[in-house]
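# Understanding the architecture of this molecule
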Amino acid sequence: MSGIVTASLTTASGVLLSCAAVITRNIFRLGQQESLESSGAMTATRIAMIPMALLGAFVALRIPQTGILLTLTFDLLLAGLVVPFILGLYWKSRGTVSAAMAAIIAGVSVRVTLFALTPTIYGMDNTLLYIPNSIFDEAMDGWATFIAAAISLAAYVAVAMMTKPVHVAIPAPPATPAPVLRQPEPVHV
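Overview of the structure. From a predicted model like this one, the values you see are computed outputs, not experimental measurements.

Below, the discussion takes up the environment of A99. Inspection of the secondary structure puts A99 in helix α4 (residues 97-117). Judged by its relative accessible area of 0%, A99 falls in the buried class. Discounting residues that sit within four places of it in the chain, A99 has contacts with Y156, V159 and A160.

Right, here's the structure in full:
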């Protein structure tokens with residue numbers, strides 16, 4: 001039992017640290033000039049961990065089934081990141097930062113909206129963020145994932161077709177001379 005608790009705590013610690021580092025470095029642009037190990041970047045990362053931990057604790061207290069939380073996390077990743085990642089790799093002639101951001105924002109927004117409007121999460125009651133409505137019922141459960149991914153794809157393609165990609169030439173690394181290989185001298189005994 002202690003092994004499971006230890007594994008859970010180290011995983012949670014790693015997730016909090018990596019999310020805080022991404023927020024500090026990529027969103028707030030701290031630590032761009034210096035290493036992430038600098039005192040300023042470390043302090044900012046530690047401060048960014050506090051709201052993340054509080055948000056995680058709030059969500060965990062509202063939904064006691066950890067499997068549902070894990071599934072919702074992967075749903076949000078599918079809705080927001082899979083399309084920009086795959087199309088960014090394989091559709092290089094049209095992919096842009098604007099298209100990726102549109103796909104992320106549209107996919108996550110649709111998934112969270114449908115999450116809030118659906119009364120169940122994979123057969124369990126939605127105790128986190130349910131807004132009672134007459135539009136969606138239990139039959140919508142599970143479909144929100146695919147709808148959000150499709151909206152993400154549509155947003156990426158639409159914005160990619162409307163924006164002009166910027167191609168930056170990456171200079172080739174300087175050529176280094178090949179090492180000269182010499183035959184070993186024979187050893188005379």
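Among the surface-exposed residues, V82, F85, I86, L89 and Y90 lie close enough to one another that they form a single nonpolar patch of about 540 Å² accessible area. Looking at the secondary structure, you find Y90 in helix α3 (residues 66-90).

The next subject is the environment of A12. Examined against the element boundaries, A12 turns out to sit in helix α1 (residues 2-27). When the C-alpha atoms of A12 and T145 are compared, they prove to be 24 Å apart, with 133 residues separating the residues in sequence.

With that settled, the discussion passes to the packing of α3 against helix α5 (residues 143-162). With their axes 9 Å apart at the nearest point, α3 and α5 run at an angle of 30° to one another. Crossing angle aside, the handedness with which α3 passes α5 is right-handed. Note on element contacts: α5 touches α3 through T145, A148, A149, S152, L153, Y156 and V157, opposite D75, L78, A79, V83, P84, L87 and G88. By residue class, the composition of the contact of α3 with α5 is 10 nonpolar, 3 polar and 1 charged.

Attention now goes to empty space enclosed by the protein. In total, this model carries 1 cavity of 30 Å³ or more according to the counting rule given. The space that makes up the largest cavity amounts to roughly 60 Å³. What lines the largest cavity is simply R111, F115, T118, T120, I121, Y122, M140, D141, G142, A144 and T145. Of all the secondary structure elements, the ones that give two or more residues to the lining of the largest cavity are α4, β1 (120-121) and α5. Taken together, the residues of the lining of the largest cavity break down into 5 nonpolar, 4 polar and 2 charged.

Here the focus is the layout of surface pockets. To find the voids left in a structure, one rolls a probe of water-molecule size over its atoms. As a volume, the largest pocket reaches approximately 1500 Å³. As for the largest pocket, its lining consists of 29 residues, of which V15, C19, M52, G56 and T73 are closest to the centre. Going through the elements one at a time, α1, α2 (39-62), α3 and α4 are the ones with two or more residues in the lining of the largest pocket. Residue contributions to the lining of the largest pocket peak at 9 residues, all from α1.

On to the packing of aromatic side chains. The final tally for this structure, using the stated rule, is 2 aromatic pairs. A centroid spacing of 6.2 Å and a plane angle of 65° characterise the contact between W143 and F146, whose relative ring orientation is edge-to-face. Taken together, the residues W143 and F146, both in helix α5 and 3 residues apart, mark about one turn of the helix.

The next thing to look at is the pattern of salt bridges. Across all of its chains, the model carries 1 salt bridge by this definition. Across the pair D75 and R111 runs a salt bridge whose closest N-O atoms are separated by 2.8 Å. One end of the pair, D75, is in helix α3; the other, R111, is in helix α4, with 36 residues separating them in the sequence. In this pair, the class of D75 matches that of R111, namely buried.

Another point: the environment of A139. Note on placement: A139 falls in the loop between β2 (124-125) and α5. A139 sits in the exposed class, given a relative accessible area of 57%. Distance from A139 to G123, taken between C-alpha atoms, is 9.9 Å for residues 16 residues apart in sequence.

With that settled, the discussion passes to the side chain of T45. In this structure, T45 sits in helix α2. Look at T45 and you get buried, because its relative accessible area is 6%. Setting aside anything within four residues of it in sequence, one finds T45 in contact with L17, A20, A21 and T24.

The rules behind these values
The residue count restarts for each chain, going from 1 along the sequence in the order it is written. With pLDDT at 70 or above as the cut-off, local features in this predicted model cover only qualifying residues; side-chain atom pairs require 80 or more to be listed or tallied, and sums for whole chains, interfaces and linings still use all residues. Just so you know, side-chain values use all the structure's heavy atoms and leave hydrogens and water out. Put simply, DSSP marks the helices as runs of H or I at least four residues long and the strands as runs of E at least two long, and each gets a number from the N terminus on. Burial status follows relative accessibility: with a 1.4 Å probe on protein chains alone, a residue under 20% of its type maximum counts as buried, one over 50% as exposed, and anything between as partly exposed. Contacts are residue-level and defined by heavy atoms, with any inter-residue pair within 4.5 Å sufficient. Think of a patch as exposed residues, more than 30% relative accessible area, with no salt bridge, where like charges cluster within 9 Å and nonpolar side chains (Val, Leu, Ile, Met, Phe, Trp, Tyr) cluster within 5 Å. Throughout, the Shrake-Rupley method with a 1.4 Å probe supplies accessible areas, and for residues the shown protein chains are the sole cover considered. We define a salt bridge as a contact between a side-chain nitrogen of Lys or Arg and a carboxyl oxygen of Asp or Glu at a distance within 4 Å. Axes, fitted as lines to C-alpha atoms, cover a helix only where it is in contact. Angles between the N-to-C directions of the axes lie from 0 to 180 degrees. In this scheme, a crossing is called left-handed if the near helix is turned counterclockwise away from the far one by less than a right angle; it is called right-handed if the turn is clockwise. Under the grouping applied here, Gly and all other residues not named as nonpolar or charged are polar, the nonpolar ones being Ala, Val, Leu, Ile, Met, Phe, Trp, Tyr, Cys and Pro and the charged ones Asp, Glu, Lys and Arg. Computed over the protein atoms alone on a 1 Å grid, cavities are sets of points where a 1.4 Å probe fits but cannot get out and pockets are open sets with protein on both sides within 12 Å along at least five of seven lines; a residue lines them when it has an atom within 4 Å of a point. Grid points are joined across faces, edges and corners, and a volume is the space filled by probe spheres set on the points. Classification of ring pairs rests on two measures: the distance between centres of Phe, Tyr or Trp rings, Trp counted by its six-membered ring, which must be within 6.5 Å, and the angle between planes, read as stacked under 30 degrees, edge-to-face over 60 and tilted in between.

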